[in-house]
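For reference, the chains in residue letters:
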Amino acid sequence: MITGTTGVAGPASAAPGERPGTSGPGYFSAGSDRKVTLTDGADRRPDSDHADSPKSAVDATGSGVYIVELAEDPLTTYVGGTSGLTRTRPAPGTRLDVTSAPSQAYRRHLDAQRTAVATAVGVHVTAAYTAAFNGFSATLTAQQATALRADKRVRAVTAAQALGTRSTSALATTSAPATSAPATAAGPDPSAAGHTPKPVTPGPATGAGMVIGVLDTGIWPESASFAKKMPAPANWHGTCQTGVAFVAEHCNGKIVGARYFADTWLAGGGSVPEGEFLSPRDAAGHGTHTASTAAGLPVSDVTIDGRRFDPISGVAPDAQIAVYKVLWGGVGYDADIIAGIDAAVADGVQVLNFSIGSQLGDWEANTPIGMAFLNATLSGVFVAASAGNTGIVSGAISNAAPWVTTVGAAVTNLDEATLKLGDGTKLVGGSLDALPGGGSRPLVFGDQAGSPDLGAVYCEPGSLDAAKIKGKVVACALNDTFGSAAEVKAKGGAAMVLFDPVGNYRVNSIYNFPVVYLPTEKQAGTVFNYLIRHPTDATVSVRAGGDGSSVPGVPSVADFSSTGPDKVTYGVFKPDLVAPGSDILAAVSPAGNFGRQYDAYSGTSMASPYVAGAAAVLRATHPDWSPGRVASALRTTATDTVGTTNPLDQGSGFINLAGASDPGLVIEPTAAELVAFSETAQPDGKELNLPAISLREYDGTRPVTLTRTLTNVGKARETYRSSVSGLKGMRVTVTPASVTLAPGASATVTITVSRGSAPWDRYVTGSITWRGKAHSARIPVAARPWGITARPYGDDGEEFGRMANGAFGYVQPGFTGPLAGRSTGYTPMRRTSYSMPAGVYGGVFDPKASGVKKVDFTVPANTAGIVVEANTEDPNTNLDLYLYKGDTLIYSSDRYWTSAEQAYKFLPEPGRYTAYVFAQVPGGPVVDFELKHAIIGRNATYAGATLTLPSTAERGQGFNFTLKPNKPLAEGDFWGYTEYRTNGTVIPGNLVYTQQSSWQ
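Keep in mind that what you see is a predicted model, and the values were worked out from it rather than measured. (Residues numbered from 1 in each chain as written. Predicted model: local features only at pLDDT ≥ 70, side-chain atom pairs only at ≥ 80, totals over all residues. Heavy atoms only, no water.)

### Focus: the overall build of the protein chain
Moving on, step 1. Helices and strands together make up the secondary structure of the protein chain, namely 14 helices and 54 strands.
Moving on, step 2. Looking at the protein chain as a whole, 60% of its 1000 residues qualify as buried.
Moving on, step 3. Considering only contacts within the protein chain whose residues lie at least 6 apart along the sequence, 75% involve residues at least 24 apart.
Moving on, step 4. When the accessible area of the protein chain is evaluated, it comes to approximately 34700 Å², of which 52% is carbon and sulfur surface. (Helix = DSSP H or I, 4+ residues; strand = E, 2+ residues; numbered from the N terminus. Buried < 20%, exposed > 50% of the residue type's maximum accessible area, 1.4 Å probe, protein only. Contact = heavy atoms within 4.5 Å. Areas by Shrake-Rupley, 256 points an atom, 1.4 Å probe, with all protein chains shown as cover.)

### What about the state of the cysteines?
Moving on, step 1. Overall, the coordinates contain 2 disulfides when judged by the stated rule.
Moving on, step 2. Between Cys-240 and Cys-251 runs a disulfide, and the two sulfur atoms are separated by 2.1 Å. Disulfide Cys-240-Cys-251: the torsion about the S-S bond is 80°, which places it as right-handed. Taken as a pair, Cys-240 in the loop between strand 7 (211–216) and strand 8 (255–260) and Cys-251 in the loop between strand 7 and strand 8 lie far apart in primary sequence, 11 residues in all.
Moving on, step 3. Classification of Cys-251 by relative accessible area gives buried; the value is 17%.
Moving on, step 4. Between the sulfur atoms of Cys-459 and its disulfide mate Cys-476 the distance is 2.0 Å. (Disulfide = S-S within 2.5 Å.)

### Considering the sheet that holds strand 35 (residues 764–771)
Moving on, step 1. Within the open sheet, the 5 strands sit side by side as 29-36-35-31-33. Their pairing is mixed. Strands with a single pairing partner mark the edges of an open sheet, and in this sheet they are strand 29 (693–699) and strand 33 (738–741). On average, each strand axis in the sheet is tilted by 25° relative to the strand beside it, whichever way the strands run.
Moving on, step 2. Sheet topology note: the strand 31 (residues 718–726)/strand 33 ladder contains 4 bridges and is antiparallel. From the neighbouring strand, Thr-719 faces strand 33, where its bridge partner is Thr-740. (Pairing = 2+ DSSP bridges. Axes fitted to C-alpha atoms, helices over the stretch in contact; angles between N-to-C directions.)

### Notes on the pairing of strand 49 (residues 926–937)
Moving on, step 1. Two elements, strand 42 (residues 830–837) and strand 49, share 8 bridges in a ladder whose sense is antiparallel. Residue pairing for strand 49: Pro-837 is matched across the bridge by Val-926.
Moving on, step 2. The pairing of strand 44 (residues 863–871) with strand 49 spans 8 bridges and is antiparallel. Of the residues in strand 49, the one forming a bridge with Glu-869 is Lys-932.

### Examining the pattern of salt bridges
Should the charged atoms of two oppositely charged side chains come close, the side chains can pair.
Moving on, step 1. Using the criterion set out here, one finds 28 salt bridges in the structure.
Moving on, step 2. Residue Arg-596 pairs with Asp-599 through a salt bridge whose shortest N-O separation is 3.0 Å.
Moving on, step 3. Taking relative accessible area as the criterion, Asp-599 reaches 0% and is therefore assigned buried.
Moving on, step 4. Between Glu-697 and Arg-784 there is a salt bridge whose closest N-O contact spans 2.5 Å. Remark: Arg-784 occurs in strand 36 (residues 776–786) and Glu-697 occurs in strand 29; sequence separation between them is 87 residues.
Moving on, step 5. Its relative accessible area of 2% is what places Glu-697 among the buried residues.
Moving on, step 6. On the basis of relative accessible area, Arg-784 is assigned to the buried category, the value being 1%.
Moving on, step 7. It is possible to trace a salt-bridge network through shared partners that takes in Arg-696, Glu-697, Asp-761, Arg-762, Arg-784, Glu-799 and Arg-802. (Salt bridge = Lys/Arg side-chain N within 4 Å of Asp/Glu carboxyl O.)

### Considering the sheet that holds strand 30 (residues 704–712)
Moving on, step 1. Pairing is antiparallel across the open sheet formed by 4 strands, whose spatial order is 28-30-34-32. The open sheet terminates on both sides in strands that have one partner only, identified here as strand 28 (665–666) and strand 32 (730–735).
Moving on, step 2. With 6 bridges joining them, strand 32 and strand 34 (residues 746–755) adopt antiparallel strand pairing. Residue pairing across strands places Arg-731 opposite Ser-754, the latter belonging to strand 34.

### Quick look at the packing of aromatic side chains
Moving on, step 1. Taken as a whole and judged by the stated rule, the model has 22 aromatic pairs.
Moving on, step 2. Here the aromatic rings of Phe-445 and Phe-499 are separated by 6.0 Å at their centres, their planes lie at 50°, and the arrangement is tilted. Within this pair, whereas Phe-445 is found in strand 19 (residues 441–445), its partner Phe-499 is found in strand 21 (residues 495–499), the two being separated by 54 residues in sequence. Exposure class is identical for Phe-445 and Phe-499. Each is buried.
Moving on, step 3. Ring plane angle 45° and centroid distance 6.4 Å describe the contact between Phe-906 and Tyr-977, whose orientation is recorded as tilted. With Phe-906 in strand 47 (residues 901–906) and Tyr-977 in strand 53 (residues 972–982), this pair connects stretches of sequence that are 71 residues apart.
Moving on, step 4. What makes Phe-906 buried here is its relative accessible area of 2%.
Moving on, step 5. A network of ring pairs unites the aromatic residues Phe-845, Tyr-882, Tyr-884, Tyr-916 and Phe-918 as a single cluster. (Phe/Tyr/Trp six-rings, centres within 6.5 Å; stacked < 30°, edge-to-face > 60°.)

### Focus: the nonpolar core
Moving on, step 1. Counting residues in each nonpolar core, the largest one holds 59 residues, and the members touching the most others are Tyr-324, Ile-341, Val-349, Leu-352 and Phe-373.
Moving on, step 2. At 9 residues, helix 5 (residues 334–347) tops the list of elements feeding residues into this core.
Moving on, step 3. Among the nonpolar cores identified, the runner-up in size contains 54 residues, and Ala-294, Val-411, Tyr-610 and Leu-657 belong to it. (Core = buried A, V, L, I, M, F, W, Y, C linked by side-chain atoms within 4.5 Å.)

### Examining the confidence of the model for the protein chain
Moving on, step 1. Put simply, the protein chain has an average pLDDT of 89, and 90% of its residues get 70 or more.
Moving on, step 2. Contacts from residues 1–25, a stretch scored under 50 in pLDDT, to residues over four places away or in other chains number 128 contacts.
Moving on, step 3. Every residue in residues 169–201 scores below 50 in pLDDT, and together they form 102 contacts with partners more than four places removed in sequence or on other chains. (pLDDT = per-residue confidence, 0-100.)

### A word on the packing of helix 5 against helix 6 (residues 368–378)
Moving on, step 1. The interhelical angle for the contact between helix 5 and helix 6, taken along N-to-C directions, is 5°, at an axis separation of 9 Å. By the angle class used here, helix 5 and helix 6 are roughly parallel. In this structure, helix 5 uses Asp-334, Ile-337, Ile-338, Ile-341 and Val-345 to contact helix 6, whose residues at the interface are Pro-368, Ile-369, Ala-372, Phe-373 and Ala-376.
Moving on, step 2. A breakdown of the residues in the contact of helix 5 with helix 6 according to their chemical character gives 9 nonpolar, no polar and 1 charged. (Parallel < 35°, antiparallel > 145°, perpendicular 65-115°, else oblique. Nonpolar A, V, L, I, M, F, W, Y, C, P; charged D, E, K, R; others polar.)

### Observations concerning a nonpolar patch on the surface
Moving on, step 1. There is a patch of nonpolar side chains on the surface, built from Leu-360, Trp-363, Ile-392 and Val-393 and spanning about 370 Å² of accessible area.
Moving on, step 2. Checked against the element boundaries, Trp-363 lands in the loop between strand 14 (356–357) and helix 6.
Moving on, step 3. Trp-363 sits in the partly exposed class, given a relative accessible area of 48%. (Patch = residues over 30% accessible without salt bridge, like charges linked within 9 Å, V, L, I, M, F, W, Y side chains within 5 Å.)

### Some thoughts on the pairing of strand 30
The side chains of a regular strand alternate, first on one face of the sheet and then on the other.
Moving on, step 1. With 2 bridges connecting them, strand 28 and strand 30 associate as antiparallel partners. Opposite Val-666, over in strand 30, you have Thr-711 as the bridge partner.
Moving on, step 2. The pairing of strand 30 with strand 34 spans 8 bridges and is classified as antiparallel. Bridged to Leu-710 within strand 34 is Ala-747.

### Quick look at the environment of Ser-56
Moving on, step 1. With respect to the helices and strands, Ser-56 occurs in strand 1 (residues 55–56).
Moving on, step 2. Ser-56 gets classed as partly exposed once you look at its relative accessible area, which sits at 36%.
Moving on, step 3. On a C-alpha basis, the gap between Ser-56 and Ala-160 in space is 5.7 Å, while along the polypeptide they are 104 residues apart.
Moving on, step 4. In contact with Ser-56, other than residues within four places in its own chain, are Ala-159, Ala-160 and Gln-161.

### Describing the packing of helix 10 (residues 604–621) against helix 11 (residues 627–636)
Moving on, step 1. Between helix 10 and helix 11, the least distance of the axes is 10 Å, while the angle of their chain directions is 115°. The orientation of helix 10 with respect to helix 11, classified from their angle, is roughly perpendicular. The chirality of how helix 10 crosses helix 11 is right-handed. Of the residues in helix 11, those in contact with Val-611, Ala-614, Ala-615, Leu-618 and Arg-619 of helix 10 are Pro-627, Val-630 and Leu-634. (Left-handed = near helix turned anticlockwise from the far one by under 90°.)

Structure representation (structure tokens):
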């Protein structure tokens, strides 16, 4: 998705010119807003789609732009049935021909029907769709929308929504000094498609003959990545739409067609954003970047700000590019996007790339865009789309339709840099810039080297004092990163250390100045507190390279990449796979990138076109393969990433294009299955013949039976034997256990999944693999047996629905049957009062900093839960609470401007736990607070209590329960544990709380 970052930041630093308090030198106050800008020459962060959630084009009265889907099929899926009009849906292996007589006749019919529907309610059609979507967009009143919904000729009327891009920085390779010869591109195997530094010979392995449609911000046609004249394919029906700064000659064949879509933007009489071109020309750089990643020509001399980088190439360098500009200033309406999809399918593309989405992912199934992509897929067009860059929030997946290949981002280039502080501490961050190296240099904190009121803590432009930073390394908190780098450079600094007080994402950019980025909150705490301890004598050495500790390894899932599951449907598994998406070097628009022709972006926006290019290579190699067959080949041959095998993170794994060209087996859904899914109000999806199994909220008291159909696409008869890996505590059987298939033959296997000892209300993941003599096909499996809490997201460390009040507890069971329960009774929380010296006002947490109290706990085996609470009576103090097991953070509680902090862990592993209480804002020189904790044994017997609950449970029907003490308890806070039983199956329940006050 795009290189924008609006809305990426969470709780952040105080805005420039603001101080979080008045009693000391405040720095960062959780809850304030951080300024974040697009990556078109500003801050390069994992893209945030420029829309927190889809923004409607309809006002509070119900008037605005709507998308009207008509009941009849579009050209892509019409199979006949209307008198005098023959089938237009293309046969398998062929493409839609909009110029054929049947297509022309059926289009005239659709035009007439559309006119009749619009005329009936007196509306003017803004944009009409006939190829991949049958309908139109129009500005409607609420009354007109209601009237259209009642028209039997109308299938759906949906308010237009705004979406945005999904990137942060560009496709980065390891840089070489300007004086050195070009090096081999870093990342995946340089011999793999898309990473070959040498010119390539046209052929199927390079995507020759394929057209990739790119729905994005447009293209910069003068780039060397597109500088090749090529003849248009014989069946190409597209056009070169001219406009501002874009002429017909810009469509040179490599760019085989170009169009732009802004009807919804302009429907209200407005104009495109300032700086935009009302043409296919790219003002931002995102569309150019995605297009060149998918199909850019090999370029051996990539120079950025005078520095040479490694040679680059698109994944399918001989494929041609069709441009569909649907975003304006990084944002576009789905009404315009559908027009782009409709045109792309009619023009004759074989592959579409869609690096666009909404920040918090999809909220409903079968959206208008999803339906357009379905129809495109059914007509033979492969669709790759970005999963999103909100990895900090589990389940926030965009583009989750089962017919779309949803792509997460992987780190394939280390691009590390190492800092050594004066006290010997080493910190490994990232950099794409030439670093000074050598011995130690003075290190100064921006806040101590300029004007705090002008934002010196962030090194805001104009905030630093040149006399205080000249020749020194300057540490700056993350905000406007490019502005900060420019300020340090302009004032004579030697380098900049950029640290993130809230620790979000590992993303590098090219600053044309020595910059090292420390992406984690832990690193921020280390460097910040070192600077506080050494305000006048801090030193640091800066060098390129590191020990690999900035990531688990390569390839690994990027921390910003959105993770599963799909929160819209239970049985659809997303993301599908991951591809290179961090520090990706590719062509950009000079207009939005400091005049650069190439730049490094990061995001799932960058990963999606990698898969689009791979799909073009596969389709050129196997012209008869359907989009579903291509998707299956890419997924079943993917390999595990480093650091996780969890399919919620990596999907099927890291793309393996060489393996996908000869997958042996494929698993693809039928058109009828996909259509049935699209026509269901609340579809599940587990019944689809997809190369993955998702059981998000299944009844763990009963087995689940599924089928998958395997097809041999190899050239020889082969026997495949199934095996199961992972899925600890689950019983999985595949029947028959082995299948023997001739070329082109298929077999259906039955897969039964049942819970054994697997935990309730948590995901268990693994895979099923079919191995033959020459091939292997693997599908991921993720199962979450629903016990007492349905949760729409993934396992991110927090147990939703586990904490309950004993006076009015609530449970939503995932099973039906008789219900019984037990409890431990109540055990009191232990209270301890502490005093500690205050630390830095508004600082950053570090376990070794002042203003931090460390308290250890021993958690025995068979513990139901640990609950830790911190509080203070000082209204001017803000405490934060962190619970660790060893070096692993278990839970953090950092509510803004309140000290009622609580950390907990349900069914914790036994061992040593540590609570850190951090006075983020101390109210005085000494901080007094109380720490309470309870360790609740699962089989313990505490003060007696009566558990009252219904005698039966019904799946999905919540019920109330109470846990009342049998006799009065002492004053204080108490915790207990409840457990449920149905037909002999034991299901963990709640951690239950009650309080006894002196006045009770």
